[in-house]
Amino acid sequence: MAAVTAARVVRKKLMALSNEDPDTLVCLAQHEVGVALQNMSLDLLDSLDKRMNILGDKVSKLERTTRKVVAARDAHARAREAEAKFTAEQERAEKSLLSMWLQGFVHRLSSLDGTQMADLGLDVVDFAFCRYALNIALSSSRVSQEKIISSRIPNVLVSMIDGANNAMAPDPGTHGGTFGHVP
C-alpha cells in the first residue's frame with residue numbers, strides 16, 4: 001500500500017510540474033522518483049523485517065519442539081536400555097541357577113581324573129521335579145499368582161511328591177512285603 005501511495009504522490013507532483021522547463025522537469029522527476037524509491041525500499045525492508053521475525057519465531061518454536069522430541073526419544077531409549085539390561089541380568093541369573101541345578105544333577109558322576117565326586121542323591125525324577133519347580137519359581141515374577149493357581153501347577157507339584165510317596169508306600173494287603181501304588 002505504501003508503494004502505491006508513494007507512486008501517486010510522485011505522479012501528482014510531476015503533473016503539477018509538467019509546465020516547467022524540460023531540464024528542470026527531468027531533475028525534479030529524478031529527485032522525486034529517487035525519494036519514492038527510497039520510501040518504497042524502506043517499506044519493503046520493514047515488511048521483510050517483520051516476515052523474518054515471524055520466520056525466526058517459527059524456527060525457534062521448531063527448535064524447541066525438536067529438542068523436546070529428541071529428549072523424549074533419548075529418555076525412552078535409556079528406559080528401554082535399562083529394561084533390556086535388567087532382562088539380560090535376570091536371564092543370566094536364571095541360566096546361572098539352572099546351571100547350578102544341572103551341575104548338582106551331574107555332580108555324582110565321576111570326574112575326568114577318575115575320582116568319585118560327592119553324590120547329592122538326585123535321580124532323573126528328582127531332577128525333573130526340581131527343574132519343573134524351578135521353571136515355576138522363575139516365571140512367578142512375570143506370571144500372576146491367580147494364573148499359576150488356575151493352571152493347577154501347585155496341584156501338579158504336590159501330586160508329584162504325593163505320587164512318589166504313594167508309590168513307595170508298602171501295599172497294606174501284602175503286610176509290607178511289596179510296594180505298590182495306592183489308589
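Residues numbered from 1 in each chain as written. Predicted model: local features only at pLDDT ≥ 70, side-chain atom pairs only at ≥ 80, totals over all residues. Heavy atoms only, no water.

1. Points about the overall build of the protein chain
Helix and strand counts for the protein chain come out as five helices and zero strands. Along the chain direction, N to C, the helices and strands of the protein chain fall in the order α-α-α-α-α. Classification of the 183 residues of the protein chain by burial places 10% in the buried group. When the accessible surface of the protein chain is summed, it comes to about 14600 Å², and 62% of that surface belongs to carbon and sulfur atoms. (Helix = DSSP H or I, 4+ residues; strand = E, 2+ residues; numbered from the N terminus. Buried < 20%, exposed > 50% of the residue type's maximum accessible area, 1.4 Å probe, protein only. Areas by Shrake-Rupley, 256 points an atom, 1.4 Å probe, with all protein chains shown as cover.)

2. A closer look at the confidence of the model for the protein chain
With 69% of its residues at a pLDDT of 70 or more, the protein chain shows a mean pLDDT of 75. Helix α2 (residues 22-106) holds the highest mean pLDDT among the elements of the protein chain, 87, whereas helix α5 (residues 153-168) holds the lowest, 66. Per-residue pLDDT stays below 50 along residues 176-183; that stretch engages in 15 contacts with residues further than four places along the chain or on separate chains. (pLDDT = per-residue confidence, 0-100. Contact = heavy atoms within 4.5 Å.)

3. Regarding the pattern of salt bridges
Taken as a whole and judged by the stated rule, the model has two salt bridges. With its nearest N and O atoms 3.9 Å apart, the salt bridge here joins Glu 63 to Arg 67. Taken together, the positions of Glu 63 and Arg 67, both in helix α2 and four residues apart, correspond to about one turn of that helix. Among the residues examined, Glu 63 registers a relative accessible area of 40% and is labelled partly exposed. Residue Asp 74 pairs with Arg 73 through a salt bridge whose shortest N-O separation is 2.9 Å. (Salt bridge = Lys/Arg side-chain N within 4 Å of Asp/Glu carboxyl O.)

4. Comments concerning the side chain of Glu 32
By the element assignment, Glu 32 lies in helix α2. Those residues in contact with Glu 32 that sit more than four places away from it in its chain are Val 10 and Lys 13.

5. As for the environment of Asn 135
You can see Asn 135 is positioned in helix α3 (residues 124-139). For Asn 135, a relative accessible area of 34% corresponds to the partly exposed category. The spatial distance from the C-alpha of Asn 135 to the C-alpha of Glu 94 is 9.2 Å, given a sequence separation of 41 residues.

6. Side note on a nonpolar patch on the surface
A cluster of nonpolar side chains, Leu 42, Leu 44, Leu 45 and Leu 48, forms an exposed patch at the surface whose accessible area comes to about 380 Å². Given the relative accessible area of 43%, Leu 48 is considered partly exposed. (Patch = residues over 30% accessible without salt bridge, like charges linked within 9 Å, V, L, I, M, F, W, Y side chains within 5 Å.)

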